[in-house]
Amino acid sequence: MNKFASNQLGVAQGARVLFSDYADGGPMWTGTGPREERFTVVFEERFAAPPAVQVALSMWDIDHKHNQRMDISAEEVSETGFELVFRTWGDSRVARVRANWTALGPMPHEDDWELY
């Protein structure tokens, strides 16, 4: 459980089309086996500590003739951003994906001290 000591809670949100491999024959559409796409998300403002990040698929376009295997996650979460990671495997054919994300965490306060 995250407990925020600060009375200032920050909420950052965003969305991103991760790829559109159907249009150009990219690996998510034409490949097989393990495949991965990573995207760096940078927050507009720095959090006081790494926030809790939730990611979700908000649009997906996938071939119905193959198994639909997908994994989406936030990795390497820090005060300044995170890695948005999409994975598929086997014979899955993914044409396009869009992900939404929300980050919740403590924000720096003007009375906070920083020791150098």
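Our subject is the structure that appears above.
Everything quoted here is computed from the prediction, not taken from an experiment.

Some remarks on the sheet that holds strand S3 (residues 52–62)
In spatial order, the strands read S1-S6-S3; together these three strands make up an open sheet with antiparallel pairing. Of all strands in the sheet, those with a lone pairing partner are strand S1 (9–20) and S3, marking the two edges. Averaged over all pairs of adjacent strands, the angle between their axes in this sheet comes to 15°, without regard to strand direction. Here S3 pairs with strand S6 (residues 94–106) via 10 bridges, running antiparallel. The residue of S6 that forms the bridge with Ile 62 is Val 94.

With respect to the environment of Pro 34
If you trace the backbone, Pro 34 turns up in the loop between helix H2 (27–30) and strand S2 (35–42). For Pro 34, a relative accessible area of 78% puts it in the exposed group. Separated by 37 residues in the primary sequence, Pro 34 and Asp 71 have C-alpha atoms spaced 11 Å apart. For Pro 34, the contacting residues outside a window of four places in its chain are Thr 88 and Trp 89.

Topic: the pairing of strand S4 (residues 71–75)
On a regular strand, one side chain projects to one face of the sheet and the next to the other, so that they alternate. Across five bridges, the pairing between S4 and strand S5 (residues 81–88) is antiparallel. Bridge assignment links Ser 73 to a residue of S5, and that residue is Val 85. Here S4 hands over to S5 after five residues, with Glu 76 in that stretch at a positive phi of 55°.

Overview of the side chain of Glu 83
Along the chain, Glu 83 turns up in strand S5. Although Glu 83 is buried, it forms no salt bridge, and the closest oppositely charged side chain is Arg 38 at an N-O distance of 4.2 Å. A distance of 2.7 Å separates the side chain of Glu 83 from the side chain of Thr 40, its partner in a polar contact. Setting aside its immediate chain neighbours within four residues, Glu 83 contacts Arg 38, Phe 39, Thr 40, Ser 73, Ala 74, Glu 75 and Glu 76.

Description of the sheet that holds S4
Strand order in this open sheet of three strands is S2-S5-S4, and the pairing throughout is antiparallel. For this open sheet the edge positions go to S2 and S4, each flanked by a neighbour on one side alone. Averaged over all pairs of adjacent strands, the angle between strand axes in this sheet comes to 20°, irrespective of strand direction.

Notes on the pattern of salt bridges
A complete count under the given rule lists eight salt bridges for this structure. For Arg 87, the salt bridge goes to Glu 36, with nearest N and O atoms at 2.8 Å. Placement of Arg 87 in strand S5 and of Glu 36 in strand S2 is noted, with a sequence separation of 51 residues between them. Look at Glu 36 and you get partly exposed, because its relative accessible area is 38%.

Points about a nonpolar patch on the surface
Among the surface-exposed residues, Leu 9, Val 11 and Leu 104 lie close enough to one another that they form a single nonpolar patch of about 260 Å² accessible area. For Leu 104, a relative accessible area of 34% puts it in the partly exposed group.

The rules we used
Residues numbered from 1 in each chain as written. Predicted model: local features only at pLDDT ≥ 70, side-chain atom pairs only at ≥ 80, totals over all residues. Heavy atoms only, no water. Pairing = 2+ DSSP bridges. Helix = DSSP H or I, 4+ residues; strand = E, 2+ residues; numbered from the N terminus. Axes fitted to C-alpha atoms, helices over the stretch in contact; angles between N-to-C directions. Buried < 20%, exposed > 50% of the residue type's maximum accessible area, 1.4 Å probe, protein only. Contact = heavy atoms within 4.5 Å. Lys, Arg positive; Asp, Glu negative; His and termini not counted. Salt bridge = Lys/Arg side-chain N within 4 Å of Asp/Glu carboxyl O. Polar contact = N/O pair within 3.5 Å; in protein donor to acceptor, adjacent residues only side chain to side chain. Patch = residues over 30% accessible without salt bridge, like charges linked within 9 Å, V, L, I, M, F, W, Y side chains within 5 Å. Areas by Shrake-Rupley, 256 points an atom, 1.4 Å probe, with all protein chains shown as cover.

From the geometry alone we can't say anything about function, so treat these as descriptive.
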